[in-house]
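Below, each chain spelled out in residue letters.
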Amino acid sequence: MRTMKDGIPLRVKASAAVSRGSVWNGDIPIAKLPRLAAVLTDAEGELRVELAAERDTAGAARLRGSIAGELGLVCHTCMTAFRWPLHTSLDLRLVHSEAEERRLLHDCEPLLVEDDTVPLHEVVEEEVLLAIPIAPRCSTCTG
Ligand SMILES: [Zn+2]
């Protein structure tokens with residue numbers, strides 16, 4: 001049975017979340033994600049996050065979801081600050097050893113689970129950092 005939770009917990013127990021098929025929906029204020037806030041022009045706004053822990057048809061534990069929001073970036077071309085619309089999805093395979101992580105690296109995006117804990121806010125922050133373009137351009141410069 002799927003349990004819908006309000007809000008995104010800081011961290012969850014991986015084994016329990018996967019066996020329950022937990023689903024989380026909620027906002028994370030950007031101000032609460034210091035590594036992300038540090039690369040943005042400001043820490044205003046929040047990320048709209050949907051996450052689901054589940055076992056896929058092959059029996060592998062996964063964390064799937066989507067993240068959306070507006071991030072303050074500086075245009076690489078005209079150097080003007082602008083709001084960049086973020087829409088990204090994630091599909092992480094939960095692994096329990098570095099050997100397993102290395103083995104699966106080419107087939108999927110592994111997430112090493114330590115102490116049966118998945119730090120959801122940190123995972124979201126990492127995914128958003130990866131989604132930010134290296135040379136962002138504002139809508140004027142992209143035409
Ligand atoms: Zn521009």
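Placed above this text is the structure.
Residues numbered from 1 in each chain as written. Predicted model: local features only at pLDDT ≥ 70, side-chain atom pairs only at ≥ 80, totals over all residues. Heavy atoms only, no water.

Caption draft 1: Region of the structure containing the overall build of the protein chain. Helices and strands together make up the secondary structure of the protein chain, namely 5 helices and 8 strands. Sequence-ordered secondary structure for the protein chain, helices as α and strands as β, is β-β-α-β-α-β-β-β-α-β-β-α-α. Expressed as a percentage of the 143 residues in the protein chain, the buried residues total 41%. Of the contacts made within the protein chain by residues no fewer than 6 positions apart, 51% connect residues no fewer than 24 positions apart. Accessible area of the protein chain: about 8300 Å², with a carbon and sulfur share of 52%. The positive charge centre, built from 16 side chains, and the negative charge centre, built from 22, are 4 Å apart in the protein chain. (Helix = DSSP H or I, 4+ residues; strand = E, 2+ residues; numbered from the N terminus. Buried < 20%, exposed > 50% of the residue type's maximum accessible area, 1.4 Å probe, protein only. Contact = heavy atoms within 4.5 Å. Areas by Shrake-Rupley, 256 points an atom, 1.4 Å probe, with all protein chains shown as cover. Lys, Arg positive; Asp, Glu negative; His and termini not counted. Charge placed at Lys NZ, Arg CZ, Asp CG, Glu CD.)

Caption draft 2: Structural context of the nonpolar core. In terms of nonpolar packing, the biggest core is built from 37 residues, with Trp24, Leu47, Leu51, Leu63, Leu71 and Val118 touching the most fellow members. With 6 residues, the single largest contributor to this core is strand E6 (residues 81–95). (Core = buried A, V, L, I, M, F, W, Y, C linked by side-chain atoms within 4.5 Å.)

Caption draft 3: How the structure looks around the coordination of the zinc ion. At the metal site, the zinc ion is ligated by Cys75 (SG), Cys78 (SG), Cys138 (SG) and Cys141 (SG), and these contacts range over 2.3 Å. Coordination at the zinc ion is tetrahedral: its 4 donor atoms span angles of 106 to 114 degrees at the metal. Taken in chain order, the donor set of the zinc ion reads C-x2-C-x59-C-x2-C. Relative accessible area serves as the criterion here: at 35%, Cys78 is assigned to the partly exposed category. (Donors = N, O, S within 2.8 Å, 3.2 Å for Na, K, Ca; no water. Tetrahedral: all angles 85-135°; square planar, octahedral: opposite > 155°, others 65-115°.)

Caption draft 4: Expanded view of the pairing of E6. As judged from the 13 bridges shared by strand E5 (residues 61–74) and E6, these two strands associate in the antiparallel manner. Paired with Arg62 across the two strands is Arg93, which belongs to E6. Hairpin connection between E5 and E6: a loop of 6 residues separates the two successive antiparallel strands, and Met79 in this loop has a positive phi of roughly 60 degrees. Taken together, the 4 bridges between E6 and strand E7 (residues 109–112) define a ladder with parallel strand orientation. Bridge pairing in E7 links Arg93 to Pro110. (Pairing = 2+ DSSP bridges.)

No statement about biological role is implied by the geometric values presented.
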